[in-house]
Amino acid sequence: MSVFCIAGFVLSGCSVKNSNAIKGEEVAVLTFAPNVPPPITRDYATKMIVNLEVIEKEMEMMDGVKYNFWTFGGQVPGKFIRVREGDLVEFHLKNDPSNKLPHNIDLHAVTGPGGGAVSTFTAPGHETQFSFTAINPGLFIYHCATAPVGMHIANGMYGLILVEPRGGLPKVDKEFYVVQGDFYTKGSYGESGEQPFNMEKALDEKPDYVVFNGKVGALTGDNALKAKVGETVRLFVGNGGPGLTSSFHVIGEIFDNVYPEGGSTQNHNVQTTLIPPGGSAITEFKLQVPGNFILVDHAIFRAFNKGALGILKVDGPENKTIYSGQQDDRIYQPEGGAVQTMPSADAEKAKPLTKTEKLELGKALFASTCQACHQADGKGIEKAFPPLYKSDYFAANPQKIVQVITHGLSGPITVNGKTFNSVMPKQTLSDNQVASVATYVLNNFGNKGGEINAEDVAKIRK
Ligand SMILES: [Cu+2]
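Residues numbered from 1 in each chain as written. Predicted model: local features only at pLDDT ≥ 70, side-chain atom pairs only at ≥ 80, totals over all residues. Heavy atoms only, no water.

### Things to note about the coordination of the copper ion
And then number 1: Only H103 (ND1), C144 (SG), H152 (ND1) and M157 (SD) from the protein coordinate the copper ion, and they sit 2.0 to 2.5 Å from it.
And then number 2: One can describe the donor arrangement at the copper ion as irregular, given that its four donor atoms subtend angles of 90 to 136 degrees at the metal. (Donors = N, O, S within 2.8 Å, 3.2 Å for Na, K, Ca; no water. Tetrahedral: all angles 85-135°; square planar, octahedral: opposite > 155°, others 65-115°.)

Here's what the structure looks like:
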């Protein structure tokens, strides 16, 4: 056969055999989410040694909520593994001696019974080994497959292995690792303390938590993914499940390319991509404008009420042609037929509003802007939207309302003894409008009264 292997000819059998010749060996660099090991630049196959350790460990599912996770490497999702098509992977699974249970691993990148599960059944304090050739390129889930399988997966035993195609993936500026998972706990969403696994809810596929990277807020606040305008971003997205299919979407972005199901075909110009449990997708997009782009499962209660929400924070110059921001806000009166323009910011400065005017304008603004989330009675929605009703969050310092409206708010907060960990987008309102709605809130919903002026707003806005 090798006689026919002339450069430039692709003869089946011969070309595959040649490029599959294994040269040397390497120990795979593994990374915790949201980081991804560096792209593979090798143009030959090698022996890749992968060392992965199972660790059973109590961690937080949400601030104040403890859960006994079972992990590949010590976090959820497990460490990211990156190999090249044709590599011979020598896999070592270690089960920490302090663990209580046996575990194994089924890598969807493996061609062979159980994806490696049978060969890697490992008792605490043991290490098992097997090898496989990464024949098919793609982005694959791996997971534990020890009985009860559902429970091992539900406790966080999954991660991603990328088998890079021979030629590599196209170069991008940033790569991130995100895996969705659903969790079933004794208490409902946000109930603090130690929360054991709940089998009944798991059987019903009714999770209390649906999260990215193992924790509510794993990708928000200081942990947000960060990139710059002009950069191209690639998300390696997996779904560990065990129960729910993800409708993965990034609010305010369109995926230029998607490799659906983590395979080799490409789809373009996609809004939302479906990722089944035990599946994946690669999405790529260029960043044209700055802002916070929100990663969600678009089955949207999961995002705003169960945790499936992350942030990609993009810094850089605005491009007003691509996205202008709000250009105007006119009063719209269909009955009267007259469309009046609102006073411009400068004109407003010249004409401060009286408290009565603020209360009136504030009432209308509250109904049009805040009510959808904080509710007409200001009492909010438990675990999702905090109350403005007798809120102790701003009681001592009313300026905090202004801060929240002009800058938005994310991350954990406590209001009247209840915790919230969500995102309030900053509101596009003029200084007078903010002063009005803040004054309205201060003088309603059982709050203590007070008044905010447009100058205060201007200062806080800066
Ligand atoms: Cu396991």
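### Topic: the nonpolar core
And then number 1: F80, L160, F183, Y209 and F236 are the most contacted members of the largest nonpolar core, which has 31 residues in total.
And then number 2: Those elements that provide at least two residues to this core are β2 (45-62), β3 (65-72), β8 (138-143), α2 (149-154), β9 (158-164), β10 (174-183) and β12 (209-212). (Core = buried A, V, L, I, M, F, W, Y, C linked by side-chain atoms within 4.5 Å. Buried < 20%, exposed > 50% of the residue type's maximum accessible area, 1.4 Å probe, protein only. Helix = DSSP H or I, 4+ residues; strand = E, 2+ residues; numbered from the N terminus.)

### What to know about the sheet that holds β8
And then number 1: Taken in spatial order, the four strands line up as β4-β9-β8-β6 in an open sheet, and their pairing is mixed. If you trace the sheet from one side to the other, it starts and ends with β4 (81-84) and β6 (106-107), each paired once. (Pairing = 2+ DSSP bridges.)

### Focus on empty space enclosed by the protein
And then number 1: Summed over the entire model, instances satisfying the criterion amount to one cavity of 30 Å³ or more.
And then number 2: V216, A303, L309, N421 and S422 are the residues nearest the centre of the largest cavity, which is lined by 16 residues in total.
And then number 3: When grouped by side-chain class, the residues that make up the lining of the largest cavity number seven nonpolar, seven polar and two charged. (1 Å grid on protein atoms, 1.4 Å probe; cavity = no way out; pocket = protein on both sides within 12 Å on 5 of 7 lines; lining within 4 Å. Points joined across faces, edges and corners; volume = space filled by probe spheres on them. Nonpolar A, V, L, I, M, F, W, Y, C, P; charged D, E, K, R; others polar.)

### Regarding the pairing of β12
And then number 1: Alternating residues of β12 divide into Y209 and V211 and V210 and F212, and every residue in both groups is buried.
And then number 2: Bridge analysis of β10 against β12 gives four bridges, and the strand direction is antiparallel. Looking across to β12, one finds that D182 is bridged to V210.

### Concerning the packing of aromatic side chains
And then number 1: Under the defined criterion, the tally for this structure stands at 15 aromatic pairs.
And then number 2: Their ring planes at 55 degrees and their centres at 5.3 Å tell us that F80 and F236 sit as a pair that is tilted. Here the residue F80 occupies a position in the loop between β3 and β4, and F236 occupies one in strand β14 (residues 232-241), the gap between them amounting to 156 residues.
And then number 3: Measuring from centroid to centroid gives 6.0 Å for F212 and F248, while their planes differ by 85 degrees, and the two rings are edge-to-face. One end of the pair, F212, is in strand β12; the other, F248, is in strand β15 (residues 246-251), and 36 residues separate them in sequence.
And then number 4: The structure contains a cluster of three or more aromatic residues connected by ring pairs, namely F212, F248, F255 and F285.
And then number 5: Between the NZ or CZ atom of K23 and the centre of the ring of Y44, over which it lies, the distance is 4.6 Å. (Phe/Tyr/Trp six-rings, centres within 6.5 Å; stacked < 30°, edge-to-face > 60°. Lys NZ or Arg CZ within 6 Å of the ring centre and 35° of its normal.)

### Overview of unusual backbone geometry
And then number 1: Here the amide bond leading from A33 into P34 is cis, since omega sits at 5 degrees, within 30 degrees of zero.
And then number 2: One can find P34 in the loop between β1 (22-27) and β2.
And then number 3: Look at the link from G241 to P242: it is a cis peptide, with omega at 10 degrees.
And then number 4: With respect to the helices and strands, P242 occurs in the loop between β14 and β15.
And then number 5: Although it is not a glycine, N213 adopts a positive phi angle of roughly 55 degrees.

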